[in-house]
Amino acid sequence: MQRLRHMAHRRDIIIRLIGLLKLVKAAMLVALGLGALSMRHEHSWLNTWVHAVAADAHGRYVAQLLAKVTSFRVHELVEIGVGSLVYAAVFTTEGVGLLLRKAWAEVMTVFITISFIPLEIYELVEHRSWAKVAVIIFNIAVVIYLVLRLRREGHWPFHRRSKLGERLGALR
């Protein structure tokens, strides 16, 4: 009995870590989205902040970053900003649902993570890096873990005899 509790507690920690990771991604996307939307203006707070905070405001890397960021047209910044905020909302929903240990959040995470894997593979083919390989492997591991967990607990929606199917049958 104690072994089962230990295993359930360990699984809860993994789910919570995945949820926390989703919330970190959401926070980064909110920052990106707000930054992109604020860059639409000539004298944005972001330009001022980067110059004020950077250790070497006129260094090569900061100059390259600012040149790249300021080269976007206004409509591109709006697309980046809005898209980032929409994805942040999705990741926030996943993260909060996972932290609350909701089965719907696990299913949602499986489908959303799977949907990004082809894009990640395309990016890997176009621009090879070990970081992209690690992200793909991590995402595949998360999907496998969640599918196995959902199937084991009877929450997988495509399971032959799911609890949902039993409940619907009982209502007839």
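Residues numbered from 1 in each chain as written. Predicted model: local features only at pLDDT ≥ 70, side-chain atom pairs only at ≥ 80, totals over all residues. Heavy atoms only, no water.

> Quick question: what am I supposed to make of the side chain of S84 here?
You can see S84 is positioned in helix α4 (residues 74-99). Owing to a relative accessible area of 6%, S84 belongs among the buried residues under this scheme. Here I80 takes part through its backbone oxygen, which lies 2.8 Å from a polar atom of the side chain of S84. Setting aside chain neighbours within four positions, we find S84 in contact with L29, L32 and G33. (Helix = DSSP H or I, 4+ residues; strand = E, 2+ residues; numbered from the N terminus. Buried < 20%, exposed > 50% of the residue type's maximum accessible area, 1.4 Å probe, protein only. Polar contact = N/O pair within 3.5 Å; in protein donor to acceptor, adjacent residues only side chain to side chain. Contact = heavy atoms within 4.5 Å.)

> What is the right way to look at the pattern of salt bridges in this model?
Charged atoms that come close allow side chains of opposite charge to pair. In this structure the tally under the stated criterion is seven salt bridges. Note that E76 is salt-bridged to R73, the shortest N-O span being 4.0 Å. A residue is classified by how much of its surface remains accessible, and E76, at 25% relative accessible area, is partly exposed. On the basis of relative accessible area, R73 is assigned to the exposed category, the value being 53%. Among the charged side chains, a salt-bridge network with shared partners connects D12, R101, E106, R149 and E153. (Salt bridge = Lys/Arg side-chain N within 4 Å of Asp/Glu carboxyl O.)

> Whenever I open this one, the packing of aromatic side chains confuses me. Can you help?
By convention here, two paired aromatic rings are described through the distance between centres and the angle between planes. For the structure on display, the rule yields two aromatic pairs. Through a chain of ring-to-ring contacts, the aromatic side chains of Y87, F91 and F116 assemble into a single cluster. Its end group placed over the ring of F91, K25 keeps NZ or CZ at 5.4 Å from the ring centre. (Phe/Tyr/Trp six-rings, centres within 6.5 Å; stacked < 30°, edge-to-face > 60°. Lys NZ or Arg CZ within 6 Å of the ring centre and 35° of its normal.)

> How should a nonpolar patch on the surface be read in this particular structure?
On the surface, a cluster of nonpolar side chains totalling about 540 Å² of accessible area is made up of I13, L17, L20, V24, M28 and L99. Examining the composition of the nonpolar patch, we find that five residues originate from one element, helix α1 (residues 2-38), more than from any other. Mapped onto the elements of the fold, V24 is located in helix α1. For V24, a relative accessible area of 42% corresponds to the partly exposed category. (Patch = residues over 30% accessible without salt bridge, like charges linked within 9 Å, V, L, I, M, F, W, Y side chains within 5 Å. Areas by Shrake-Rupley, 256 points an atom, 1.4 Å probe, with all protein chains shown as cover.)

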